[in-house]
Amino acid sequence: MRVSIVGSGYVGTTIAACFADMGHDVVNVDIDEETVDAINDGRSPIHEPGLDDLLATHGGDALTATTDYEDILETDITFLALPTPSREDGSIDTSTIEAAAETLGDTLRTKDGDHVVVTKSTVIPTTTAETLAPILADASGKELGEDLHTAMNPEFLREGTAVKDFRNPDKVVFGTDDDTALDALYEVFAPLVESSDIPVVETGVEEAEMIKYANNAFLASKVSLINDIGNICKEYGVDAYEVADAIGLDERIGVRFLRSGLGWGGSCFPKDTKAIIHAANDAGYEPAVLEAAVDVNDRQPERLLSLLDDHVDVAGERVAVLGLSFKPGTDDVRNSRAIPVIEGLQKRGATVAAYDPVAAENIRAHFPDIEYSDSPEHALEGASACLVCTDWDEFAALDDEFDAMDKPVVVDGRRVIERRDGLTYEGLTW
């Protein structure tokens, strides 16, 4: 099938590469020429495991990138995979996807025959039907349901495992009441659906939009709940991870997302929980559980710092911060828990030495003046304390490296460092 995707972020690039790997001819449209050049050269514009290999195989061949919307005219279906960032009040900013819809509509005005447009971005219920579809129809001069067809196909990709998640989804959701759009979605996803027993959810557009928010809101709340339980465990000297292992055996609870620690960050959980809270408030409803989940998450970095205060006065001292990305496997620092931790250290007068295997350059805009180390060993050398903010595998292998610290105090926000003699170790929730 001939597929086009507008947007080359981690969602757009990942689905483009995976669709190409499934045998489709794919066009990826983006305004950034460097991103376009990278894809056509077979290089990934983002750090995402597995994506380099897919682009090396298909980039410039089954998958081509362009800045020209006109190339969309040769395709049958277009996915809009564009950012919908948070405004200060928590609502989502749809200006980028609205502008893309208008440009796409202008482009489709000259196309004969049907075209299907699918919202892939995360948007509040009614956005596709009441905002994007009218823009597309007005700009294209086409009639919805006749030669212009719309749908919603939410993504459930986690940064750091996006390719794996695409290939092994828990479900695929097709939100539309348009038969042409539904048939097109089945054709696009046929190689994936036919190769396994993946549940396909056929639902309405608004329901599909809400499913994405409900999914992320539930998972974010689960993380905050286990962190709240972990904080209680800490007060009683109870191993929160042993507790989590036991309750995870209950099939109603499950083992996933039960690692208590520093909390969630990234581009999805913070944005989506705030957006659905804002939407609920607009509708006159107060989502108390979701508001509590956000509050617990926001307090975890300060809890980590308060544990540090119990052991070291860091004013004028060197403090190592290990991990800057919001999770391992990605260079994304959006809403990274390391950001409020470093801000707290700076308020305390500490000199910060930070290390991350891939994310250091991305966090420089937040902290241009801190020291960026080229290894954990260098960050730890002469430090009076170490804070662990991301659970990269390489941190679990650290041992003798802590002996180079001036004061071997480790406050671990991710339970990745092994306790041992000679190390003052403090876990966040255990």
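Residues numbered from 1 in each chain as written. Predicted model: local features only at pLDDT ≥ 70, side-chain atom pairs only at ≥ 80, totals over all residues. Heavy atoms only, no water.

## Digging into a nonpolar patch on the surface
A cluster of nonpolar side chains, namely Ile232, Tyr236 and Val238, defines an oily patch on the protein surface of about 340 Å² accessible area. Looking at the element boundaries, valine 238 is found in the loop between helix 8 (205-236) and helix 9 (240-247). Residue class for valine 238 comes out partly exposed when judged on its relative accessible area of 33%. (Patch = residues over 30% accessible without salt bridge, like charges linked within 9 Å, V, L, I, M, F, W, Y side chains within 5 Å. Areas by Shrake-Rupley, 256 points an atom, 1.4 Å probe, with all protein chains shown as cover. Salt bridge = Lys/Arg side-chain N within 4 Å of Asp/Glu carboxyl O. Helix = DSSP H or I, 4+ residues; strand = E, 2+ residues; numbered from the N terminus. Buried < 20%, exposed > 50% of the residue type's maximum accessible area, 1.4 Å probe, protein only.)

## A word on the pairing of strand 1 (residues 2-6)
Counting buried residues in strand 1 gives 4 out of 5 residues, a clear majority hidden from the surface. As defined by bridge partners, strand 1 adjoins strand 2 (residues 25-29) across 5 bridges and the pair is classed as parallel. Its bridge partner being in strand 2, valine 6 is matched across the sheet by valine 29. Read from strand 1 through helix 1 (residues 10-21) to strand 2, the crossover connection turns out right-handed. Relative to strand 4 (residues 77-80), strand 1 runs parallel, the two sharing 4 bridges. Across the sheet, isoleucine 5 pairs through a bridge with phenylalanine 79, a residue of strand 4. (Pairing = 2+ DSSP bridges. Right-handed = clockwise from strand over helix to strand, strands pointing away.)

## Here's the deal with the sheet that holds strand 12 (residues 385-388)
Ordered in space as 11-10-9-12-13-14, the 6 strands form an open sheet in which the pairing is parallel. Since the sheet does not close on itself, it has two edges, and those belong to strand 11 (371-372) and strand 14 (424-427), each with one partner. Of the pairings in the sheet, the one linking strand 9 (residues 318-322) to strand 10 (residues 351-355) comprises 5 bridges and is parallel in character. Considered in strand 10, the bridge of leucine 322 is made with tyrosine 355. Against the sheet, helix 12 (residues 338-347) engages strand 9, strand 10 and strand 12, with an angle of about 175° to strand 9. (Contact = heavy atoms within 4.5 Å. Axes fitted to C-alpha atoms, helices over the stretch in contact; angles between N-to-C directions.)

## Looking at the pattern of salt bridges
Counted under the stated rule, the structure contains 19 salt bridges. Across the salt bridge formed by glutamate 159 and arginine 334, the nearest N and O atoms sit 3.5 Å from each other. Placement of the pair is glutamate 159 in the loop between strand 6 (148-152) and helix 6 (162-167) and arginine 334 in the loop between strand 9 and helix 12, with a sequence separation of 175 residues. Residue glutamate 159 is classed as buried on the basis of its relative accessible area of 6%. Given the relative accessible area of 43%, arginine 334 is considered partly exposed. Measuring nitrogen to oxygen at the nearest pair gives 2.9 Å for the salt bridge that ties aspartate 403 to arginine 420. Residue aspartate 403 is found in the loop between helix 15 (393-396) and strand 13 (409-412), and its partner arginine 420 is found in the loop between strand 13 and strand 14; the two are separated by 17 residues along the sequence. Its relative accessible area of 24% is what places arginine 420 among the partly exposed residues. Taken together, the shared-partner salt bridges connect Glu159, Asp332 and Arg334 into one network.

## Re the environment of isoleucine 72
Its location among the elements puts isoleucine 72 in the loop between strand 3 (63-66) and strand 4. For isoleucine 72, a relative accessible area of 0% puts it in the buried group. A sequence separation of 53 residues divides isoleucine 72 from phenylalanine 19, and the C-alpha atoms of the two residues are 16 Å apart. With near-sequence residues (within four places) excluded, isoleucine 72 lies in contact with Ser4, Val6, Val29, Thr78, Leu104, Leu108 and His115.

## Some points on the side chain of threonine 119
In this structure, threonine 119 sits in strand 5 (residues 115-119). With relative accessibility at 3%, the residue threonine 119 sits in the buried group. Separated by 3.1 Å, the side chains of threonine 119 and threonine 128 make a polar contact. Setting aside anything within four residues of it in sequence, one finds threonine 119 in contact with Leu80, Ile97, Thr128, Leu132, Ala151, Met152 and Asn153. (Polar contact = N/O pair within 3.5 Å; in protein donor to acceptor, adjacent residues only side chain to side chain.)

These figures come from the coordinates and say nothing about function on their own.
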